[in-house]
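Residue-level listing of the chains:
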Amino acid sequence: MAATAGGLAAHLVGSLPVDDAETAFRTLGGALGAHLRCLPDGETGRRRRWISFINDMLQAHPDLEIDPDVPVLEFRQWDGKLVYAVERLRVRAGVDAAGLAFATGYAEDAIRNHAVFARLGEEGAVPQGVRYQICMATPLAIAYNFISPNAYDDFLAPYTAHLRAELGRIADALPHGEIAWQWDVCPEVLMWEGYYGLEEDQRGRILGSLGEIGDMVPETVDLGYHLCYGSPQDEHMVQPKDLGVCVEMANGIAGSVSRAIRYIHMPVPRERGDEAFFRPLQDLALEEGTALYLGLVHEGDAEGNANKLAQARKFAAVAGIAAECGLGRGDPDSLPDMIEQHRLLAEAG
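Residues numbered from 1 in each chain as written. Predicted model: local features only at pLDDT ≥ 70, side-chain atom pairs only at ≥ 80, totals over all residues. Heavy atoms only, no water.

A. Looking closely at the overall build of the protein. Of regular secondary structure, the protein possesses eleven helices and twelve strands. Taking 2.2 N^0.38 as the reference for a compact globule, 349 residues should give roughly 20 Å; the C-alpha atoms of the protein span a radius of gyration of 19 Å, in line with that estimate. Its C-alpha atoms give the protein principal-axis dimensions of roughly 60 × 45 × 40 Å. Residues classed as buried in the protein amount to 58% of the 349 residues present. Contacts in the protein between residues far apart in sequence, at least 24 positions, make up 81% of those at least 6 positions apart. (Helix = DSSP H or I, 4+ residues; strand = E, 2+ residues; numbered from the N terminus. Rg over C-alpha atoms; globule rule 2.2 N^0.38 Å. Buried < 20%, exposed > 50% of the residue type's maximum accessible area, 1.4 Å probe, protein only. Contact = heavy atoms within 4.5 Å.)

B. Molecular detail of the sheet that holds strand 11 (residues 291–295). As summarised here, the arrangement of the eight strands in space is 1-12-11-10-9-8-7-2, forming an open sheet in which the pairing is parallel. On the outer flanks of this sheet lie strand 1 (9–10) and strand 2 (38–40), each paired with one strand and no other. Looking at chain direction, strand 1 and strand 12 (residues 320–321) are connected through two bridges and run parallel. Each residue of the ladder has a partner; that of Ala10, found in strand 12, is Ile321. (Pairing = 2+ DSSP bridges.)

C. Highlighting the pattern of salt bridges. Applying the stated rule across the entire model yields 25 salt bridges. A salt bridge links Glu65 to Arg92, with the nearest nitrogen and oxygen atoms 3.2 Å apart. Residue Glu65 is located in strand 3 (residues 64–66), and its partner Arg92 is located in the loop between strand 6 (89–91) and helix 3 (106–123); the two are separated by 27 residues in the primary sequence. Classification of Arg92 as partly exposed rests on a relative accessible area of 35%. Note that Arg90 and Asp67 form a salt bridge whose closest N and O atoms lie 3.5 Å from each other. Of this pair, Arg90 sits in strand 6 while Asp67 sits in the loop between strand 3 and strand 4 (73–76); the two residues are 23 residues apart in sequence, bridging distant segments of the chain. Through salt bridges with shared partners, a single network forms among Asp41, Arg46, Arg47, Asp109 and Arg112. (Salt bridge = Lys/Arg side-chain N within 4 Å of Asp/Glu carboxyl O.)

D. Here's a closer look at helix 7 (residues 203–216). Compared with an ideal rise of 1.5 Å per residue, which puts 14 residues at 20 Å, helix 7 spans 20 Å between its outermost C-alpha atoms and is within 8% of the ideal. Taken together, the buried positions of helix 7 are Ile206, Leu207, Ser209, Leu210, Gly211, Ile213, Gly214 and Met216. In this structure, the buried side of helix 7 is in contact with helix 4 (139–146), helix 5 (152–173), strand 8 (179–185), helix 6 (187–192), strand 9 (222–227) and helix 8 (244–256). (Expected span 1.5 Å × (residues − 1).)

E. Seen up close, the packing of aromatic side chains. Per the counting criterion, the structure on display carries 15 aromatic pairs. Connected via pairs of aromatic rings, a cluster forms that spans Phe75, Tyr84, Tyr144, Tyr152, Tyr195 and Tyr196. (Phe/Tyr/Trp six-rings, centres within 6.5 Å; stacked < 30°, edge-to-face > 60°.)

F. Summary view of the state of the cysteines. Tallied over the full model, the rule gives zero disulfides. Unpaired in this structure, Cys38 has its nearest cysteine sulfur neighbour in Cys135, at a distance of 8.0 Å. Cys325 takes part in no disulfide bond, and the closest cysteine sulfur, belonging to Cys228, lies 3.6 Å away. (Disulfide = S-S within 2.5 Å.)

This is the structure we're talking about:
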């Protein structure tokens, strides 16, 4: 992985409010090149709203149907505001779940946009040594959000197999030394917090799945995990008490993945610059070589961002800074300042 030219790494979680991958690469490469270790394609177009395009695909799937035995899943953010509601799906009677096929298009997107990344690298618009960052939602992200609890077991095995195949296609097509892989872990964090209200403890399932998909990624490809509390309307679905759940999950992931993990990213709400929020970091037990990235960069708040970093450093080494989540659903007019806030904090170190 490329080293930064002094200071901290500036990490971009994934989505950006731009029109296409080339704009994403040029915008970030020019402004943050000295601090970038990997560079996402901006998740533009159908991926702009993270996994909503997968729900569209599942709702139209001929082998799936709405489960009438479970209520509509209402997604309410921390203040009770209803963000959206989803009718959850099950496998149709008579269908062999093991044979379910899916068409996410992840591999096509990754391979196509890497060609743009490579061209811009030759032109000098993307700094040498920066890796192309591929972001993918986890199998449980799709299951918890869109699938009936009655059908988790039917769905997870074939969908995980689909993602393994997508990853394989990407790994076969792209040079491993030029790419990094990020698993986006959001519904798992919410489930850990009890958001979905299932009586059965899901922590074993979560760590088992996150370990399995981590070990799918070839050792020659950098691997990272982005932990998230969701932000469909730029508000957390759950306001965390502190970083305790993220620390528990990070330690669990580290113990479940047999290969090296390059980084784990944790979000920090704008309002939380107090020492108590960061204190759980003292219990973080990552392997040597796994960097901690904190999503503490907020628009127009250079002082608050720097304070958060100082508070976090009382309890753990911080190798990189980022926003809480992807920026793609935000106001495009805020992007220049967000990039500048990343630059300022990364440069100050």
